[in-house]
Amino acid sequence: MRVIQPGDEERRAVVQKGVAEHPMSGKSICAVLVSFHPDPDLPDRVSRILAQVGALMIVDNGSGEAALRMLQELSADSRISLE
């Protein structure tokens with residue numbers, strides 16, 4: 001799991017790299033997605049979310065091993081944090 005902590009400027013820089021300056025672009029927005037046993041279509045929905053925001057935090061509420069593996073694979077994207 002990767003979490004941006006106060007003072008974690010290196011991680012913040014990776015997330016913000018390429019983020020548009022204009023505040024109305026959506027890239028200055030972080031979305032939060034709460035998951036519990038997500039279905040196999042979640043990666044498609046995550047892609048659509050990421051097209052609209054600069055970062056995504058996924059909070060998992062105790063999914064099983066297979067779902068957790070899928071979430072961990074998604075969190076390989078530097079714009080995604082998994083809690």
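Here is a short report on the structure shown in this document. Just so it is clear, the structure is predicted and the values come from calculations on it, not from any experiment.

## Comments concerning the overall build of the protein chain
Point 1. Looking only at helices and strands, the protein chain features three helices and three strands.
Point 2. Ordered by position from N to C terminus, the α and β elements of the protein chain give α-β-α-β-α-β.
Point 3. For the protein chain, with 83 residues in total, the buried portion stands at 30%.
Point 4. Put simply, of all contacts in the protein chain between residues at least 6 apart along the chain, 71% involve residues at least 24 apart.
Point 5. As presented, the protein chain carries roughly 5400 Å² of accessible surface, and 55% of it is formed by carbon and sulfur atoms.

## Section: the packing of helix H2 (residues 42-50) against helix H3 (residues 65-74)
Point 1. The geometry of H2 relative to H3 is characterised by a closest axis approach of 11 Å and an angle of 30° between their N-to-C directions. As far as their axial angle goes, H3 and H2 are roughly parallel. Here H2 and H3 pass one another in a crossing that is right-handed. Between H2, through Leu 42, Pro 43 and Val 46, and H3, the contact on the second element is made entirely by Met 70, Leu 71 and Leu 74.
Point 2. Here the residues of the contact of H2 with H3 sort into six nonpolar, no polar and no charged.

## Examining the pattern of salt bridges
Point 1. Counted under the stated rule, the structure contains two salt bridges.
Point 2. The residue Asp 77 makes a salt bridge to Arg 79 at a minimum N-O spacing of 2.7 Å.
Point 3. The exposure class of Arg 79 is partly exposed, given its relative accessible area of 31%.

## Quick notes on the nonpolar core
Point 1. Judged by nonpolar contacts, the single largest core of 13 residues is most densely connected at Leu 42, Val 46, Leu 56, Ile 58, Leu 71, Leu 74 and Ile 80.
Point 2. The set of elements that each furnish at least two residues to this core consists of strand E1 (30-35), H2, strand E2 (55-60), H3 and strand E3 (80-82).
Point 3. Each residue touching Ile 58, except ones within four places of it in the same chain, is listed here: Leu 33, Ser 35, Val 46, Leu 71, Leu 74, Ile 80, Ser 81, Leu 82 and Glu 83.

## Describing the pairing of E1
Point 1. Across the two faces of E1 the burial differs, with Ala 31, Leu 33 and Ser 35 buried and Cys 30, Val 32 and Val 34 not buried at all.
Point 2. Relative to E2, E1 is paired through six bridges, and the arrangement is parallel. Opposite Cys 30, over in E2, you have Ala 55 as the bridge partner.
Point 3. In this fold, E1 hands off to H2, which returns the chain to E2; that crossover is right-handed.

Criteria and thresholds
- As a convention, each chain's residues are numbered from 1 in the sequence order in which they are written.
- Only residues with pLDDT of at least 70 are given local features in this predicted model, and only at 80 or more are side-chain atom pairs given and counted; all residues enter the totals for whole chains, interfaces and linings.
- To obtain the side-chain values, all non-hydrogen atoms of the structure were included, while hydrogens and water were left out.
- Going along the chain from the N terminus, every DSSP run of H or I of four or more residues is numbered as a helix, and every run of E of two or more is numbered as a strand.
- The buried label applies to any residue whose accessible area, calculated with a 1.4 Å probe on protein chains only, is under 20% of its type's maximum; exposed applies above 50%, and partly exposed to all values in between.
- In what follows, residue pairs with any heavy atoms lying within 4.5 Å of each other are defined as contacts.
- Here the accessible surface of atoms and residues is derived via Shrake-Rupley with a 1.4 Å probe, and residues count as covered only by protein chains that are part of the display.
- An axis is simply a line fitted to the C-alpha atoms; with a helix, the fit covers only the stretch in contact. Between two such axes, the angle follows the N-to-C directions and lies from 0 to 180 degrees.
- An angle counts as roughly parallel when it lies under 35 degrees, as roughly antiparallel when it exceeds 145, as roughly perpendicular when it falls between 65 and 115, and as oblique in every other case.
- By the definition used in this description, the sense in which the near helix is turned from the far one sets the handedness, with an anticlockwise turn below a right angle giving left-handed and a clockwise turn giving right-handed.
- Any residue outside Ala, Val, Leu, Ile, Met, Phe, Trp, Tyr, Cys, Pro, Asp, Glu, Lys and Arg is labelled polar, Gly included; the first ten of those are nonpolar and the last four are charged.
- Only one rule defines a salt bridge in this text: a Lys or Arg side-chain nitrogen within 4 Å of an Asp or Glu carboxyl oxygen.
- Among the buried residues, those of types Ala, Val, Leu, Ile, Met, Phe, Trp, Tyr and Cys that are joined through side-chain atoms within 4.5 Å form a nonpolar core.
- The pairing criterion is simple: DSSP has to find at least two bridges between the two strands.
- By convention, orient the strands away from the viewer: a clockwise path from the first strand over the helix to the second makes the crossover right-handed.

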